[in-house]
Amino acid sequence: MAKINANYKKLPGSYLFSMIGKKVREYQEAHPEAKIIRLGIGDVTQPIAPKVIETLHSAVDEMGDASTFKGYAPDLGYEFLRSVIAEKDYRDRGCDISADEIFVSDGAKCDCGNIQEIFDTGNRIAVCDPVYPVYVDSNVMAGRTGAYDAAAERFENVIYMPCTAENGFVPDLPEEIPDLIYLCFPNNPTGAVIKKAELQKWVDFARKHDSIILYDAAYEAYISEEDVPHSIYECDGAKECAIEFRSFSKTAGFTGLRLGFTVIPKDLETGGERLWPLWARRHGTKYNGAPYIVQKAGEAVYSPEGRQQVREQIAYYMGNAKIILDGLKGAGFEVSGGVNAPYIWLKTPRNMTSWEFFDYLLSEANVVGTPGSGFGPHGEHYFRLTAFGSRENTVEAVERFKTL
Ligand code: MLT
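Remember, predicted model here, so these are calculated numbers, not experimental data.

Comments concerning the site of the ligand
Residues in contact with the ligand, as listed here, are Phe17, Ile41, Gly42, Lys109, Tyr132, Asn188, Lys250, Tyr343 and Arg384. Contact distances for the ligand include 2.6 Å between an oxygen atom and a backbone N or O atom of Gly42. A distance of 2.9 Å separates an oxygen atom of the ligand from a polar atom in the side chain of Lys250. Compared with its free state, where it exposes 270 Å², the ligand has 85% of that area covered by protein. Grouping the amino acids of the shell around the ligand by side-chain chemistry returns four nonpolar, two polar and three charged. Residues lining the shell around the ligand come from more than one domain, with at least three contributed by each of domain 1 (13-47 + 305-401) and domain 2 (53-303).

Examining the packing of aromatic side chains
Applying the stated criterion across every chain, the model contains 29 aromatic pairs. Plain terms: the ring middles of Tyr132 and Tyr135 are 5.4 Å apart, the flat faces sit at 80° to each other, and that makes the pair edge-to-face. Accessibility assignment for this pair places Tyr132 and Tyr135 in one class, buried. Aromatic pair Tyr135 and Tyr182: ring centres 4.9 Å apart, planes at 20°, arrangement stacked. Of the two residues, Tyr135 sits in helix α5 (residues 133-142) while Tyr182 sits in strand β7 (residues 180-184), which places them 47 residues apart along the sequence. We classify Tyr182 as buried; its relative accessible area is 1%. In this structure an aromatic cluster arises from ring pairing among Tyr15, Phe17, Phe169, Trp345, Phe375 and Tyr382.

A look at helix α11 (residues 354-365)
With 12 residues, α11 extends 16 Å between its outermost C-alpha atoms, agreeing within 8% with the 16 Å of an ideal straight helix rising 1.5 Å per residue. Residues of α11 that are buried include every one of Ser354, Phe357, Phe358, Leu361, Leu362 and Ala365, and no others. Axial view of α11: buried residues confined to an arc of 130°, hence all on one face. Two residues or fewer after α11 comes Asn366, characterised by a positive phi angle close to 55°.

Observations regarding the pairing of strand β2 (residues 102-105)
Each regular strand shows side chains that alternate between the opposite faces of the sheet. Of the two faces of β2, the one carrying Ile102 and Val104 and the one carrying Phe103 and Ser105 are both buried. In the sheet, β2 pairs with strand β10 (residues 260-263) via four bridges, with the strands oriented antiparallel. Following the sheet pairing, Val104 is matched in β10 by Phe261.

Observations regarding the environment of Tyr292
As for its placement among the helices and strands, Tyr292 is situated in helix α9 (residues 292-301). According to the relative accessible area criterion, Tyr292 is buried, its value standing at 6%. Taking the C-alpha atoms as reference points, Tyr292 and Met63, separated by 229 residues in sequence, lie 8.7 Å from one another. When neighbours within four sequence positions are excluded, Tyr292 is seen to be in contact with Ala59, Glu62, Met63, Lys70, Tyr78 and Phe80.

Procedures and definitions
Along each chain, residue indices are assigned from 1 in the same order as the chain's sequence is written. Reporting in this predicted model follows two pLDDT cut-offs: at least 70 for local features of residues, and 80 or more for side-chain atom pairs to be given and counted; totals over whole chains, interfaces and linings ignore these cut-offs and use all residues. In computing side-chain properties, one takes all heavy atoms of the structure into account and sets aside hydrogens as well as water. A single heavy atom is enough: if one lies within 4 Å of a molecule or strand, its residue is considered near that molecule or strand. Two N or O atoms count as a polar contact when they lie within 3.5 Å, although within protein this holds only if one can serve as hydrogen donor and the other as acceptor, and sequence-adjacent residues are included solely when both atoms are side-chain atoms. Residue-level accessible areas treat just the shown protein chains as cover; the underlying method is Shrake-Rupley with a 1.4 Å probe. Any residue outside Ala, Val, Leu, Ile, Met, Phe, Trp, Tyr, Cys, Pro, Asp, Glu, Lys and Arg is labelled polar, Gly included; the first ten of those are nonpolar and the last four are charged. Per the annotation, domain bounds derive from an automatic or database assignment of domains. When the centres of two rings from Phe, Tyr and Trp lie within 6.5 Å, Trp using its six-membered ring, the rings pair. Their planes under 30 degrees apart give stacked, over 60 give edge-to-face, and anything left gives tilted. Burial classes follow relative accessibility: with a 1.4 Å probe on protein chains only, a residue under 20% of its type's maximum area counts as buried, one over 50% as exposed, and anything between as partly exposed. Numbering goes from the N terminus for both helices and strands, where a helix is a DSSP run of H or I of at least four residues and a strand is a run of E of at least two. Here, expected helix span is obtained from the residue count minus one, scaled by 1.5 Å. Arc, as used here, means the arc of the directions from the helix axis to the C-beta atoms. A pair of strands is treated as paired once DSSP finds two or more bridges between them. Whether two residues are in contact is decided by their heavy atoms, any of which lying within 4.5 Å being enough.

Here you go:
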């Protein structure tokens, strides 16, 4: 008899954003007249930049011509894309990362979820609390987390690092020593950032204890302040202890196109084993690469016109973030984030639980957000809004908040 992977049974509920989607669909069916504004899942709304669209069109034409047609992509991704990433995202920022340390994929979510496969299931993971659910759930599926304690809303073998208003939503170094440390800055869900000197402490900690940092930098393009690192490789010694994930989803509106990459330094090793060949082996075995036309589109993001156009798009979303921040502050809400990240993190009013506030906001204002408790117990009594809506909807949503 075939047996299922029983670890899946340890996962409480469904994936957070699937659950929210279901609740909103049910509400809309029951209230067909409601004009719902969705500021829940961090999905972009603005069209892809013109330079990228133009490049996509010409890449599609190449696929229709026998002399330029492309089949399977190279294992690590096309050289034209990996080179421009290494140059513009890393060397231009003083990080010594080369094209062959970059693995192109269809997005950071998959890579963040899959990376744990190259590590032993006996490894102990540390995560921020609240946290992007993919890091924990993918480790649950692999059998690395132990059982779920429903009362504590925690897995018994995971080190949770509280991110609270008191520590500015940046965790303290853990007392127990983890093998794998997941960090995400600018942070999803809180929108908090880590300063370079703080991040250096994590790198030093990881090197001292032989831990590996899994650094999700999917939102780095939203950084507006100085002294906030765009990459962990800006820190000394990070190439000896860190893997970094990046995405084109939020940077260039590719949530529907799908493109991202993972950086694994060639010499990064643990217990005398290099990680690069393991991920290369996994990539080659389980993945056939992002489509050529999408990789060409990714290359266009780095062209002078592409860069200018995506910068304008990011400025548009950050304009939304400011409208939400200022509007909610003015309406008496306690808010943070939204300055270097497209997420606004707010305290629920009148001590409501996150889900109570979700229902209240949906029914009273027809606005959808994400309950903070869906990201972990320390997210309870918090709520996340995204800046990825249209300007019109963002302004309207803030007006509706003011009536609550
Ligand atoms: C989010 O809303 O947290 C993100 O959209 C999820 C993701 O990027 O996968």
